[in-house]
Amino acid sequence: MIKHELLTILLSLLVMGGCASPATLKADRVADVQRMADAAAHAYNRPLARVLAGDVRDGWVAQYTPNTSTIRLSDQALWYPDWLFWRSVSHEIAHHILGHWTPEPAQEIAADLEAVVLLQRFRGMTEHEATDMIWQSYCNRRWEPQPPPGHPPNSEKMAAFQVRYGKRSCAR
């Protein structure tokens, strides 16, 4: 929460200082995601996805709509800290490049695992940085009472992740 507040203050200072307008910052963030989605689509020989800012499911950072090959970013999420924003974006891009059409637990796990690869290839992260980003998102939601429809419980995601990337624990 503190990181989010600091980011909000920093963005406010930049805007007030004349460095950038909110519209410019939003357009830049959407363009960054579009570049990553395009690069991934080319690398995986998939059609291009369209990236838009706008309506998504309540509380979600991003959402992939397969029938239109669209990745939507919530307006609020455009201002989130990088770890939360890029974790969610890479997961949705993974759904696109993996050809997922319906939310199913196995596909959600596959998208998380592929997100690590995408973060490395297209965001320049090390495997350690990328796996930490995904793992910490699990830790932050480990007490989630009920996963969204079509999504596995967080415990299943964590178990699958540890099979691929080794045993981990959540710091307190």
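Cut-offs applied
Residues numbered from 1 in each chain as written. Predicted model: local features only at pLDDT ≥ 70, side-chain atom pairs only at ≥ 80, totals over all residues. Heavy atoms only, no water. Helix = DSSP H or I, 4+ residues; strand = E, 2+ residues; numbered from the N terminus. Contact = heavy atoms within 4.5 Å. Areas by Shrake-Rupley, 256 points an atom, 1.4 Å probe, with all protein chains shown as cover. 1 Å grid on protein atoms, 1.4 Å probe; cavity = no way out; pocket = protein on both sides within 12 Å on 5 of 7 lines; lining within 4 Å. Points joined across faces, edges and corners; volume = space filled by probe spheres on them. Nonpolar A, V, L, I, M, F, W, Y, C, P; charged D, E, K, R; others polar. Axes fitted to C-alpha atoms, helices over the stretch in contact; angles between N-to-C directions. Parallel < 35°, antiparallel > 145°, perpendicular 65-115°, else oblique. Core = buried A, V, L, I, M, F, W, Y, C linked by side-chain atoms within 4.5 Å. Buried < 20%, exposed > 50% of the residue type's maximum accessible area, 1.4 Å probe, protein only. Disulfide = S-S within 2.5 Å. Left-handed = near helix turned anticlockwise from the far one by under 90°.

Chemist: Go over the overall build of the protein chain with me, naming the residues and quoting the values.
Modeler: Helices and strands together make up the secondary structure of the protein chain, namely six helices and three strands. Traced from its N-terminal end to its C-terminal end, the protein chain shows the element sequence α-α-β-β-β-α-α-α-α. Look at the contacts in the protein chain between residues 6 or more apart in sequence, and 55% of them connect residues 24 or more apart. Working note: accessible area of the protein chain is about 9,500 Å², and carbon and sulfur atoms make up 56% of it.

Chemist: Talk me through the layout of surface pockets; I want residue IDs and the actual numbers.
Modeler: Picture a little ball the size of a water molecule; that probe, rolled over the atoms, points out where space is still empty. Volume-wise, the largest pocket comes out at about 710 Å³. Forming the boundary of the largest pocket are 32 residues, of which W60, A62, H91, E92 and H151 lie nearest the centre. Going through the elements one at a time, β2 (62-65), α3 (82-97), α4 (105-123), α5 (127-140) and α6 (154-165) are the ones with two or more residues in the lining of the largest pocket. Across the lining of the largest pocket, the residue classes break down as 13 nonpolar, 12 polar and seven charged.

Chemist: Talk me through the packing of α3 against α4; I want residue IDs and the actual numbers.
Modeler: Contact pair α3 / α4: the axes reach a minimum separation of 7 Å and the direction vectors enclose 110°. It follows from the interaxial angle that α3 and α4 lie roughly perpendicular. From α3, W86, R87, S90, H91, I93, A94, H95 and I97 reach across to α4, where they touch Q107, E108, A111, D112, E114, A115, L118, L119 and R123. When the residues that make up the contact of α3 with α4 are grouped by side-chain class, the tally is eight nonpolar, four polar and five charged.

Chemist: Help me get a handle on the nonpolar core, residues and values and all.
Modeler: Core analysis: the largest hydrophobic core is formed by 39 residues, its most contacted members being I71, L73, F85, W86, I93 and F161. For this core, the elements supplying multiple residues, two or more each, are α2 (22-43), β2, β3 (70-73), α3, α4, α5 and α6. Among the elements that make up this core, the one with the highest residue count is α4 (seven residues). Filtering out sequence-adjacent residues up to four positions away, L73 remains in contact with V30, V33, V51, L52, A53, G54, V56, V61, A62, L78, F85 and V89.

Chemist: Could you give me a rundown of the state of the cysteines, with the residues and numbers involved?
Modeler: Applying the stated criterion to the full structure yields one disulfide. With a sulfur-sulfur separation of 2.0 Å, C139 is cross-linked through a disulfide to C170. A torsion of -85° about the S-S bond marks the disulfide between C139 and C170 as left-handed. With C139 in helix α5 and C170 in the segment after α6, this pair connects stretches of sequence that are 31 residues apart. There is no split in this pair, since C139 and C170 are both buried.

Chemist: Residue-level account of the side chain of S69, with values.
Modeler: Tracing the backbone shows S69 in the loop between β2 and β3. Not counting residues within four places of it along the chain, the set of residues in contact with S69 comprises L48, A49, R50, Y64 and H96.

Chemist: Break down the packing of α4 against α6 for me, citing the residues and quoting the values.
Modeler: The interhelical angle for the contact between α4 and α6, taken along N-to-C directions, is 45°, at an axis separation of 10 Å. Relative to α6, the element α4 is oriented oblique. Crossing of α4 against α6: the hand is right-handed. Taken together, the residues of α6 that come into contact with α4 (itself represented by I109, D112, L113, V116 and V117) are E156, K157, A160, F161, R164 and Y165. In terms of residue class, the contact of α4 with α6 is made up of seven nonpolar, no polar and four charged.

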